[in-house]
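Spelled out from the first residue to the last, the chains are:
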Amino acid sequence: MSKIKNASMLAAGLIVMMSSSVFAADGAATYTAKGCGSCHGADAKTPIMPLYPKIAGQSKEYIAQQMKDIKSGARNNGQTAAMKGIMAGVSEEEIAVLAEYISGLK
Ligand code: HEC
């Protein structure tokens, strides 16, 4: 009985580990594919202009919300227009994957 329990816990652990690493790989690939790094830097903390934000390591909730607000136009600062065009091609799912990835960067 306890053997079966251990085996199923191990299997569950493996699935969690595998899915989180797939998620991280997706995040990195999406970040590159969408060209985020061309403004925010490949490491998300070396922006090409002093006025552009360092985004690495902020909370994933905040990152996702800012991306949604930039996409919808709810956020519209002086610099937001630079990023808005990109967001038209970024889906809700991709926002979630990107926010998870960027928040995990140090
Ligand atoms: C053309 C340049 C450019 C590209 C490409 C770009 N951004 Fe941005 N991003 C900006 C600028 C500029 C701001 C600051 C906007 C403002 O001043 O309101 C910003 C803001 C942000 C913020 C909010 C940061 C904060 O501290 O509030 C996040 C998160 C973000 N970008 C993520 C991304 C992601 C993820 C991508 C790729 C899908 C991306 N950006 C692509 C220029 C860009």
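Residues numbered from 1 in each chain as written. Predicted model: local features only at pLDDT ≥ 70, side-chain atom pairs only at ≥ 80, totals over all residues. Heavy atoms only, no water.

(A) The site of the ligand, seen in detail. Taken together, 24 residues are adjacent to the ligand, and Cys36, Cys39, His40, Tyr62 and Met83 come closest. One of the side-chain N or O atoms of Gln58 is found 2.9 Å from an oxygen atom in the ligand. Within the side chain of Tyr62, an N or O atom sits 2.6 Å from an oxygen atom of the ligand. The cavity that encloses the ligand is the largest pocket. Every element with two or more residues in the shell around the ligand is listed here: helix H2 (37-40), helix H3 (60-72), helix H4 (80-87) and helix H5 (92-103). Considering only residue class, the shell around the ligand consists of 15 nonpolar, seven polar and two charged. (Near = heavy atom within 4 Å. Polar contact = N/O pair within 3.5 Å; in protein donor to acceptor, adjacent residues only side chain to side chain. 1 Å grid on protein atoms, 1.4 Å probe; cavity = no way out; pocket = protein on both sides within 12 Å on 5 of 7 lines; lining within 4 Å. Sits in = over half its atoms within 2 Å of the grid points. Helix = DSSP H or I, 4+ residues; strand = E, 2+ residues; numbered from the N terminus. Nonpolar A, V, L, I, M, F, W, Y, C, P; charged D, E, K, R; others polar.)

(B) Geometry of a nonpolar patch on the surface. Taken together, the side chains of Ile48, Met49 and Leu51 present a nonpolar region at the surface, about 310 Å² in accessible area. Looking at the element boundaries, Ile48 is found in the loop between H2 and H3. (Patch = residues over 30% accessible without salt bridge, like charges linked within 9 Å, V, L, I, M, F, W, Y side chains within 5 Å. Areas by Shrake-Rupley, 256 points an atom, 1.4 Å probe, with all protein chains shown as cover. Salt bridge = Lys/Arg side-chain N within 4 Å of Asp/Glu carboxyl O.)

(C) The layout of surface pockets, seen in detail. In this model, the largest pocket occupies a volume close to 490 Å³. Together, 27 residues line the largest pocket, and His40, Pro53, Ile55, Ile70 and Met83 are the ones closest to its centre. Residue assignment for the lining of the largest pocket shows that the elements contributing at least two residues are H2, H3, H4 and H5. Looking at side-chain class alone, the lining of the largest pocket contains 17 nonpolar, eight polar and two charged residues. (Points joined across faces, edges and corners; volume = space filled by probe spheres on them.)

(D) Molecular detail of the packing of H3 against H4. The geometry of H3 relative to H4 is characterised by a closest axis approach of 8 Å and an angle of 90° between their N-to-C directions. Here H3 lies roughly perpendicular to H4, going by the angle between them. Across the interface between the two elements, Met67, Ile70, Lys71 and Ser72 from H3 touch Thr80, Met83, Lys84 and Met87 from H4. Each residue belonging to the contact of H3 with H4 can be placed in one class, and the counts come to four nonpolar, two polar and two charged. (Axes fitted to C-alpha atoms, helices over the stretch in contact; angles between N-to-C directions. Parallel < 35°, antiparallel > 145°, perpendicular 65-115°, else oblique. Contact = heavy atoms within 4.5 Å.)

(E) Spatial organisation of the packing of aromatic side chains. Evaluated as defined, the whole model comprises one aromatic pair. For the pair Tyr31 and Tyr101, a centre-to-centre distance of 5.9 Å together with 55° between the ring planes defines the contact as tilted. Here Tyr31, found in helix H1 (residues 2-33), pairs with Tyr101, found in helix H5; they are 70 residues apart in sequence, far enough to count as distant. Note on Tyr31: relative accessible area 2%, which makes it buried. (Phe/Tyr/Trp six-rings, centres within 6.5 Å; stacked < 30°, edge-to-face > 60°. Buried < 20%, exposed > 50% of the residue type's maximum accessible area, 1.4 Å probe, protein only.)

(F) Representation of the nonpolar core in the model. The biggest cluster of nonpolar side chains holds 17 residues, and the ones touching the most others in it are Tyr31, Met67, Leu98 and Ile102. If you tally residues by element for this core, the top one is H5, at five residues. Beyond its immediate stretch of four places on either side in the chain, Tyr31 contacts Cys36, Gly37, His40, Gly41, Ala42, Ala44, Ile55, Leu98, Tyr101 and Ile102. (Core = buried A, V, L, I, M, F, W, Y, C linked by side-chain atoms within 4.5 Å.)

Distances and angles like these do not, on their own, reveal function.
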